[in-house]
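A look at the structure
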Amino acid sequence: MIHAFSTRTGGTSPGYGGHSLNLGFTKDDTRTRVEANRKRLLIEAGAVSGGKAWPLAALKQVHSDLIHVVRSRSTGPRVGDGMVTNVHGIALAVQAADCFPILLVDRRNRAVGVFHAGWRGTVQRIAEKGMGIMRHEYGTLAQDVVAVIGPGIQKCCYIVGEELKGEFESQFEYAGELFHEVYVSDPVREKYPLLFMSARPPGHSDFGPQLHLDLAEANRRQLLAAGVPAKQISVLAHCTSCDTRRFFSHRAEKGVTGRMMAVAGIKPRG
């Protein structure tokens, strides 16, 4: 088995800070550079046979729960946010720049799955559904699965609205444990309170606390619900929004950023 999570450094793209490993076909980069970056990632990940990089199966991602079963080494166009396979010699990949990439490996049946989990995919239980598809297709048992949740926007930076809390509460009984209120002090407001007076009683605008969502934990809980043992689930603690020197972040960089990739594949036997 091979697997890897990319960062933003070490590539050929001059944009996004220079020499970046942009792996998405964005409007600010050329296809030639992105393809060179993708080949570099595959080689570094060990996705090579006979001196050649494996075919790379990527997706047109649409923030869905649509998962494809890859039955050949064909890379031809797929729309969705997840893939599973037991075909060796092909690398499955999802792109991310704040959303969480999730890799599942069934060691016994030699099968892998890759998933892109933003809040929409998480609410639609993409990780849990991925486990179900692998069980149906390959006989995957939860106790044989090793799961990794890659870098994404952590709860420290993922500020959301009340409507999103309602979406999660409609799906998960533990939703309340995923949201945290954070009170942020404002030195200017504290020093000059009269500048922030309003006509509403009791006389000051009620800005309230920020609501933060722990999306990584939401996906970990899904994997637990699917039966994956806690000791076999790894959650990388890196925050893409905190560390834009190392990672691309759509939110922190206001949409002007590249894309990272998570890849997984199966080595041919022998």
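Anyway, here's the lowdown on the structure attached to this text. Being a predicted model, the structure only gives us computed values, none of them experimental.

1. Some words on the side chain of Q95
Inspection of the secondary structure puts Q95 in strand β8 (residues 91–96). The residues contacting Q95, other than those within four sequence positions of it, are L23, G24, R38, L59, Q61, H116, R259, M260 and M261.

2. Quick word on the sheet that holds strand β15 (residues 233–235)
Pairing in this open sheet of six strands is mixed, and the strands run β6-β7-β10-β9-β11-β15 from one edge to the other. The open sheet terminates on both sides in strands that have one partner only, identified here as β6 (67–70) and β15. Here the average twist between neighbouring strands, direction ignored, is 15°. When strand β11 (residues 145–149) meets β15, the two strands line up parallel, connected through three bridges. Paired with I149 across the bridge in β15 is V235.

3. Concerning the nonpolar core
Ranked by size, the top nonpolar core spans 39 residues in total, and within it L104, M131, F168, L213 and L223 carry the most contacts. Of all the secondary-structure elements, those providing two or more residues to this core are β9 (100–106), β10 (111–117), α3 (126–138), β11, α4 (162–169), β14 (210–213) and α6 (215–225). By residue number, the principal contributor to this core is α3, which donates five residues. Residues in contact with L223, not counting those within four places in the same chain, are L104, A127, M131, A147, I149, V228 and I233.

4. Considerations on the sheet that holds strand β12 (residues 159–160)
An order of β12-β14-β13 is seen for the three strands of this open sheet, with the pairing classed as antiparallel. The sheet is open, and its two borders are formed by β12 and β13 (179–182), each paired with just one other strand. Contacting β12, β13 and β14, α4 crosses the sheet at an angle of about 40° to β14.

5. Some words on the packing of α3 against α6
Across the interface, α3 lies against α6 with an axial gap of 8 Å and an inter-helix angle of 30°. Classified by the angle between their axes, α3 and α6 sit roughly parallel to one another. α3 and α6 meet at a crossing whose hand is right-handed. Facing I126, A127, E128 and M131 of α3, the residues of α6 in contact are N219, Q222, L223 and A225. Per-class residue counts for the contact of α3 with α6 are five nonpolar, two polar and one charged.

6. Looking at the pattern of salt bridges
A side chain of one charge can pair with a side chain of the opposite charge if their charged atoms are brought near each other. In the structure shown here, the tally under the stated rule is nine salt bridges. For R71, the salt bridge is made with E137, and the minimal N-O distance between the two is 3.0 Å. Taken together, the residues span a long stretch of sequence, with R71 in the loop between β6 and β7 (82–85) and E137 in helix α3 at a distance of 66 residues. Accessibility expressed as a relative area gives 59% for R71, which makes it exposed. The partner of R221 in a salt bridge is E177, with the nearest N and O atoms 3.0 Å apart. Separated by 44 residues along the polypeptide, R221 in helix α6 and E177 in the loop between α4 and β13 bring together distant segments of the chain.

7. As for α6
Of the residues making up α6, those classed as buried are L215, A216, A218, N219, Q222 and L223. The arc enclosing the buried residues of α6, seen along the axis, measures out at 160°, which places them on a common side. With its phi angle positive at about 105°, G227 sits one or two positions after the end of α6.

8. Digging into the environment of A252
Within the secondary structure, A252 is located in the loop between β15 and β16 (260–265). For A252, a relative accessible area of 35% gives the class partly exposed. In this structure, the C-alpha to C-alpha distance between A252 and S241, residues 11 residues apart in sequence, is 5.3 Å. Setting aside residues no more than four positions away along its own chain, A252 makes contact with D98, S241 and T244.

9. Regarding the environment of L104
Examined against the element boundaries, L104 turns out to sit in strand β9. Spatially, the C-alpha atoms of L104 and V114 are 6.5 Å apart, while their sequence positions differ by 10 residues. The residues touching L104, leaving out its near neighbours within four places in the chain, are A111, V112, G113, F115, A127, M131, M134, V145, V146, A147 and L223.

10. Some details on the packing of aromatic side chains
Remark: the centre distance and the inter-plane angle together describe each pair of aromatic rings, the angle taken between the planes. Summed over all chains, the structure comprises four aromatic pairs. Judged by centre distance (5.9 Å) and plane angle (75°), the rings of Y16 and F248 are edge-to-face. Remark: F248 occurs in the loop between β15 and β16 and Y16 occurs in the loop between β2 (9–13) and α1 (31–45); sequence separation between them is 232 residues. Judged by relative accessible area, which is 0%, F248 ranks as buried. Ring pairs connect the aromatic residues F168, F172, Y174 and F179, which therefore count as one cluster. Looking at R31, its charged tip hangs above the ring of F25, at a distance of 4.0 Å from the centre. Its guanidinium or amino end placed over the ring of Y174, R221 lies 4.1 Å from that ring's centre, counting from NZ or CZ.

Basis of the calculations
Residues numbered from 1 in each chain as written. Predicted model: local features only at pLDDT ≥ 70, side-chain atom pairs only at ≥ 80, totals over all residues. Heavy atoms only, no water. Helix = DSSP H or I, 4+ residues; strand = E, 2+ residues; numbered from the N terminus. Contact = heavy atoms within 4.5 Å. Pairing = 2+ DSSP bridges. Axes fitted to C-alpha atoms, helices over the stretch in contact; angles between N-to-C directions. Core = buried A, V, L, I, M, F, W, Y, C linked by side-chain atoms within 4.5 Å. Buried < 20%, exposed > 50% of the residue type's maximum accessible area, 1.4 Å probe, protein only. Parallel < 35°, antiparallel > 145°, perpendicular 65-115°, else oblique. Left-handed = near helix turned anticlockwise from the far one by under 90°. Nonpolar A, V, L, I, M, F, W, Y, C, P; charged D, E, K, R; others polar. Salt bridge = Lys/Arg side-chain N within 4 Å of Asp/Glu carboxyl O. Arc of directions from axis to C-beta. Phe/Tyr/Trp six-rings, centres within 6.5 Å; stacked < 30°, edge-to-face > 60°. Lys NZ or Arg CZ within 6 Å of the ring centre and 35° of its normal.

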